Amino acid sequence: TVSFGAPAFTAMDGTVYVATTTPIAFFAADPVLPGSRPGSGLARIETSLDGAPFAPYVAALTLAEGRHVIVYRAVDNVGNVSAAQSLAVRSDAAAPVSALVIGAPQFALSTTTVLVSSRTPFSIAAVDPSVNDVASGVKDTSFRVSGTAAFSAYTAPFTMTGGDVTKVIEFFSRDNVLNTETV
């Protein structure tokens, strides 16, 4: 049996994504024989990562970023070897990248200062970049506007209220294995 620690995410198509810190553990037991007699007992579990030779499993695995195939099997105390099982896993270490999109009307004073009206829509676009052919996808985006202490979930474009004052918009996104963008 395979057990994924947190964070782990299974996509709609069945693809399993983990973070590079997610522990992947394996468990096995020697089945009971006919007549309710105990088996010889489990000697060891063996794993093979990405085509490497089988090696004794001694602790939970973590994976470097990329696509991986883990093959695992169990061996009992008399040398019987279970059928090998194969598991495809994608390990994601890259945080999403978000961008603030400022609608019209607006007037840019500099690269970091923009004048807007109360009708100007703001939206946040986020993507999870594919690194080593792996991207678990954007889970959520959060934002706050200066004057508010807590971040709120971004779900739709918003506008500014409060008159002619300077405001700062901070935002970040997380992917499905909780890699988090810096604010």
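Read on for a plain summary of the structure.

Analysis parameters
- Residues numbered from 1 in each chain as written.
- Predicted model: local features only at pLDDT ≥ 70, side-chain atom pairs only at ≥ 80, totals over all residues.
- Heavy atoms only, no water.
- Core = buried A, V, L, I, M, F, W, Y, C linked by side-chain atoms within 4.5 Å.
- Buried < 20%, exposed > 50% of the residue type's maximum accessible area, 1.4 Å probe, protein only.
- Helix = DSSP H or I, 4+ residues; strand = E, 2+ residues; numbered from the N terminus.
- Contact = heavy atoms within 4.5 Å.
- Salt bridge = Lys/Arg side-chain N within 4 Å of Asp/Glu carboxyl O.

Core analysis: the largest hydrophobic core is formed by 12 residues, namely V16, V18, I24, A25, F26, I45, Y57, L63, I70, Y72, L87 and V89. Those elements giving two or more residues to this core turn out to be β3 (16–19), β4 (24–26), β7 (66–76) and β8 (85–92). For this core, the element with the highest residue contribution is β4, accounting for three residues. Beyond its immediate sequence surroundings of up to four residues, V89 is in contact with F4, V16, V18, I24, L63, G66, R67, H68 and I70. Counting nine residues, the second largest nonpolar core, distinct from the first, contains F122, V145, F158 and I169.

Our focus in this paragraph is the pattern of salt bridges. All told, the structure shown has five salt bridges when counted by the stated rule. Notably, a salt bridge pairs R67 with D133, separated by 2.8 Å at the nearest N-O pair. Pair noted here: R67 is in strand β7 and D133 is in the loop between β12 (122–127) and β13 (138–145), with a separation of 66 residues, a long-range link. Classification of R67 by relative accessible area gives partly exposed; the value is 43%. Put simply, E170 and R144 hold a salt bridge, and the shortest N to O gap is 2.6 Å. Of this pair, E170 sits in strand β15 (residues 169–175) while R144 sits in strand β13; the two residues are 26 residues apart in sequence, bridging distant segments of the chain. Residue classification places E170 among the partly exposed positions, given a relative accessible area of 28%. The exposure class of R144 is partly exposed, given its relative accessible area of 22%.

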